[in-house]
Each structure stands twice: as structure tokens, then as C-alpha cells.
Amino acid sequence: GARCAPGDNDTEDGTEQQQLALLLSTIYSLSKVCGHKKIQRFLPHDAADVEPVLNILRSYGSRDDRKTIVEHAEEGAPQQWETIYVLLLWMGMLSYVP
């Protein structure tokens, strides 16, 4: 099936992106405990994964509603930098795909 990145659908209410942020925040926490090299092995690393991950990274880089991490950090809420960290970790793994 066709893959789509969060934010591809204009009618989306942000729930999918919030779920993605929670998932990536959990992966970030695991990477701090187990090490990023062990976690990186479990991330999908097919050539077809490059474009969706890159699109998600671009969506985080082009947001108009960016807020500073310190001012708007909620207790237990995923941080934007954690999401970006894991996406960059994933892109690092994908960069080895021929």
C-alpha cells in the first residue's frame, strides 16, 4: 500500500502527529537506556522509508507554531526535540541504504 506521512491530509486533526510524537519520545527514552545503536537496528531501513521520514522531518522544520522547549514543556508530554532526534537517528540509518 501507499505510505503517507503525518500531515499529508489537510483535514487531519493532529491526532496522528501526537501519536507519532509519543511513539518517538518512547523510542528516545529507550535509546537513552539501551543506547542508540541497539535501537537503530529495530527501525525500518528500506529505501521506501527515506521519503516518508524526510517528509516528517520537513514538517517539523517548517512549522509556523514552533514554541521554545523551555517555555511550553508540559510534564510527561513529548518534547519536539526528542521527536526530531529520533527522526535524525532514523535518517542516519537510512543513509546507509543503497
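Now for a quick tour of the structure. All values derive from a computational prediction rather than experimental measurement. (Residues numbered from 1 in each chain as written. Predicted model: local features only at pLDDT ≥ 70, side-chain atom pairs only at ≥ 80, totals over all residues. Heavy atoms only, no water.)

This brings us to the overall build of the protein chain. Counting its secondary structure elements, the protein chain contains four helices and zero strands. Put simply, the protein chain runs from its N terminus to its C terminus through helices and strands in the order α-α-α-α. Per-residue burial over the protein chain gives 32% buried out of 98 residues. Considering only contacts within the protein chain whose residues lie at least 6 apart along the sequence, 79% involve residues at least 24 apart. For the protein chain, the accessible surface area stands at approximately 7000 Å², while carbon and sulfur atoms represent 55% of it. (Helix = DSSP H or I, 4+ residues; strand = E, 2+ residues; numbered from the N terminus. Buried < 20%, exposed > 50% of the residue type's maximum accessible area, 1.4 Å probe, protein only. Contact = heavy atoms within 4.5 Å. Areas by Shrake-Rupley, 256 points an atom, 1.4 Å probe, with all protein chains shown as cover.)

A few words now on the packing of aromatic side chains. Using the criterion set out here, one finds two aromatic pairs in the structure. Each ring, one from tyrosine 28 and one from tryptophan 81, has its centre 5.1 Å from the other, and the planes form 80 degrees; the classification is edge-to-face. Taken together, the positions of tyrosine 28 in helix α1 (residues 15-34) and tryptophan 81 in helix α4 (residues 80-94) put the pair 53 residues apart, joining distant regions of the chain. Here tryptophan 81 falls in the partly exposed class, since its relative accessible area comes to 36%. Ring centres of tyrosine 28 and tyrosine 85 lie 5.3 Å apart, and the angle between their planes is 90 degrees; on these two criteria the pair is classed as edge-to-face. (Phe/Tyr/Trp six-rings, centres within 6.5 Å; stacked < 30°, edge-to-face > 60°.)

This paragraph deals with the nonpolar core. Ranked by size, the top nonpolar core spans 16 residues in total, and within it Leu24, Ile27, Val53, Leu87 and Trp90 carry the most contacts. When contributions to this core are tallied by element, the ones reaching two or more residues are α1, α3 (50-61) and α4. Residues in contact with leucine 87, not counting those within four places in the same chain, are Leu24, Val53, Ile56, Leu57 and Tyr60. (Core = buried A, V, L, I, M, F, W, Y, C linked by side-chain atoms within 4.5 Å.)

A word on the environment of lysine 37. Mapped onto the secondary structure, lysine 37 falls in helix α2 (residues 36-40). Under the relative-accessibility criterion, lysine 37 is labelled exposed at 62%. Sequence separation of lysine 37 and leucine 89 is 52 residues, and the distance between their C-alpha atoms is 9.2 Å.

Nothing here speaks to function; it is all geometry.
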